[in-house]
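# Structure assessment
So the chains spell out like this:
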Amino acid sequence: MQTIYLGLGSNLGDRAVNLRAAIRALGPEVTVLSESAVYETPPWGVEDQPGFLNMAVKAETDLAPTRLRDHVKRIERELGRQPTYHWGPRLIDIDILLYGDRIVDQPGLIIPHAQMHKRPFVLVPLESIAPDEVHPALGLSVRQLLAHVDTTGSRPWRRESIVRLI
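Counting starts from 1 at the beginning of each chain's written sequence and moves along it residue by residue. At least 70 in pLDDT is required for a residue's local features to be given in this predicted model, at least 80 for side-chain atom pairs to be given and counted, and no such filter applies to totals for whole chains, interfaces and linings, which use all residues. Hydrogens and water are ignored here; the side-chain numbers use all heavy atoms of the structure.

## Digging into unusual backbone geometry
That bond from Gly27 to Pro28 is cis: its omega, 5°, falls within 30 degrees of zero. Structurally, Pro28 is set in the loop between α1 (15-26) and β2 (30-35). A cis amide bond links Ile111 with the next residue in sequence, Pro112, at an omega value of 0°. Helical segments are the DSSP runs of H or I of at least four residues, strand segments are the runs of E of at least two, and each set is numbered from the N terminus.

## Considerations on the environment of Glu60
Note on placement: Glu60 falls in strand β4 (residues 52-61). In sequence terms Glu60 and Glu29 are 31 residues apart; their C-alpha atoms lie 8.6 Å from each other. Every residue in contact with Glu60, bar those within four places of it in the chain, is listed here: Met1, Gln2, Thr3, Ile4, Glu29, Val30, Thr31 and Leu33. Two residues form a contact once any of their heavy atoms are found within 4.5 Å.

## Concerning the layout of surface pockets
Throughout, the protein atoms alone are placed on a 1 Å grid, and a set of points is a cavity if a 1.4 Å probe fits but cannot get out or a pocket if it is open with protein on both sides within 12 Å along at least five of seven lines; lining residues have an atom within 4 Å of a point. Grid points are joined across faces, edges and corners, and a volume is the space filled by probe spheres set on the points. In this structure, the largest pocket encloses a volume near 810 Å³. Lining the largest pocket are 42 residues; nearest its centre among them are Arg90, Asp93, Asp95, His113 and Arg119. For the lining of the largest pocket, the secondary structure elements donating two or more residues are β1 (2-10), β4, α2 (65-78), β5 (93-99), β7 (109-111) and α3 (120-129). Per-class residue counts for the lining of the largest pocket are 21 nonpolar, 12 polar and nine charged. By the convention adopted, Pro, Cys, Tyr, Trp, Phe, Met, Ile, Leu, Val and Ala count as nonpolar, Lys, Arg, Asp and Glu as charged, and the other residues, Gly among them, as polar.

Encoded structure:
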């Protein structure tokens, strides 16, 4: 089994329900070990769209990286994600952030996630469950990476709202 970290986000529909549905759909191929709090974050890249709810999960899987990518993309489609423009709004987004200490660079799959070290909406939730996890390509912990990004606008979302959905 390999320890992995996934980033989840949603800015369309009932965002909290979308996150919870994605977590439920991960199994049995992916076993969730822990979840971050949910954070409300401003859009990144294209700002003229609704705000996001983001979270991170620590999990285990025996799926190879490409099979894991295919699994999370299938979940996105099954939950209703529609193709849109780059950095556009999405019902659900599931990104593979880390896959153990592996570095993967092939068409359609880059692990660690290519932009994770620049994105507060990834690092804020990830730091809450894995502050000392080291980015295998950069050699810096999640806590160290977070210290170098602007987290303005990232704030904890009403936790009681997502707990009721469990």
